[in-house]
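Understanding the architecture of this molecule
Residues per chain, in single letters:
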Amino acid sequence: KDSNVAILNQVDTFLCALHPIPNINDLGVSIFTLNNLNPGGQTQYFLVVNNFGTTTISNANLKIIKSSSQTFVNASPSPLFSQNDTLIWNLGILPPNIDTIIHLTLYNLPPPSNNIGDTSHIYAQLLNVINDANGNNNEFVYSKVYTQPYDPNNKLENWAGEIPYNIATNSVYIYYIINFQNTGN
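Here's what I pulled together on the structure shown here. (Residues numbered from 1 in each chain as written. Predicted model: local features only at pLDDT ≥ 70, side-chain atom pairs only at ≥ 80, totals over all residues. Heavy atoms only, no water.)

Details of unusual backbone geometry
Short version of the rule: Strands are runs of DSSP state E lasting at least two residues, helices are runs of H or I lasting at least four, and both sets are numbered from the N terminus onward. A simple rule labels every residue: compare its accessible area, found with a 1.4 Å probe on the protein chains alone, to the largest value its type can have, and call it buried under 20%, exposed over 50%, or partly exposed in between.
Look at the link from Ser76 to Pro77: it is a cis peptide, with omega at 0 degrees. If you trace the backbone, Pro77 turns up in the loop between strand E5 (70-76) and strand E6 (81-83). A positive phi angle is found at Asn23, which is not glycine, with a value near 65 degrees. With respect to the element layout, Asn23 can be found in the segment before strand E1 (27-33). The exposure class of Asn23 is exposed, given its relative accessible area of 67%. Residues other than glycine seldom take positive phi values, yet Asn128 does so here, at roughly 65 degrees.

Digging into the packing of aromatic side chains
Using the following cut-off: In this analysis, rings of Phe, Tyr and Trp, with Trp reduced to its six-membered ring, are considered paired at centre separations within 6.5 Å, and the interplanar angle assigns stacked below 30 degrees, edge-to-face beyond 60, and tilted for intermediate values.
Enumeration according to the criterion identifies two aromatic pairs in this entry. Ring geometry for Phe32 versus Phe46: centroids 5.1 Å apart, planes at 20 degrees, classification stacked. Of this pair, Phe32 sits in strand E1 while Phe46 sits in strand E2 (residues 42-51), and the two are 14 residues apart along the sequence. Relative to Tyr142, the ring of Tyr45 lies with its centre 6.0 Å away and its plane at 90 degrees, an arrangement referred to as edge-to-face. A residue pair is termed long-range when its members are at least 10 positions apart, and Tyr45 in strand E2 and Tyr142 in strand E11 (residues 139-145) qualify at 97 residues. Considered together, Tyr45 and Tyr142 belong to a single accessibility category, that of buried residues.

What about the sheet that holds E2?
This is how it is decided: Strand pairing is defined by DSSP finding a minimum of two bridges between the two strands. A fitted line through C-alpha atoms serves as each axis, taken over the contacting stretch for helices, and the angle formed by two N-to-C directions is quoted from 0 to 180°.
The strand order across the open sheet formed by four strands is E1-E2-E9-E5, and the pairing between neighbours is antiparallel. Both outer strands of the open sheet, E1 and E5, are each paired with one neighbouring strand and no more. Taken over all neighbouring pairs, the strand axes of this sheet differ in orientation by 25 degrees on average, direction set aside.

Next comes the structure, spelled out in structure tokens:
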């Protein structure tokens, strides 16, 4: 269809049909947190597994390797396996276009184990995903810098300010969290 919009606020409409490509397996994982990383405090993480594909996937696992300067407090749902810095969840049945979120709480050891300016890294990997169409989103590294108490106007992203070149060239997402202090009426 050709469209010619000659004046401001003129509207043109066209319709198109989209349909999913069948039989595509594609799981992806990401990690984010809404609060700062403080030495001697707890941090709540959100582990997000997305089924971007068009098939229901079962029996996949999520493996997390946390920083050795953090201790496991709890998770919902609880991990299937926990040993040292490694946690593993069975993800059950994952229908297409559905996100699964695991809430993970870790305790950040106090100084000298963690100091202001140190960086914590958490590694996530999806396991047992058969014939995944996009393996680039099956692993995720979340990095965050230890800071002082909460800043109500902070701006955060999941790479702690430094994105490795090999990651940046693979079209990975950058997740931002921007907090605003609202003191007005």
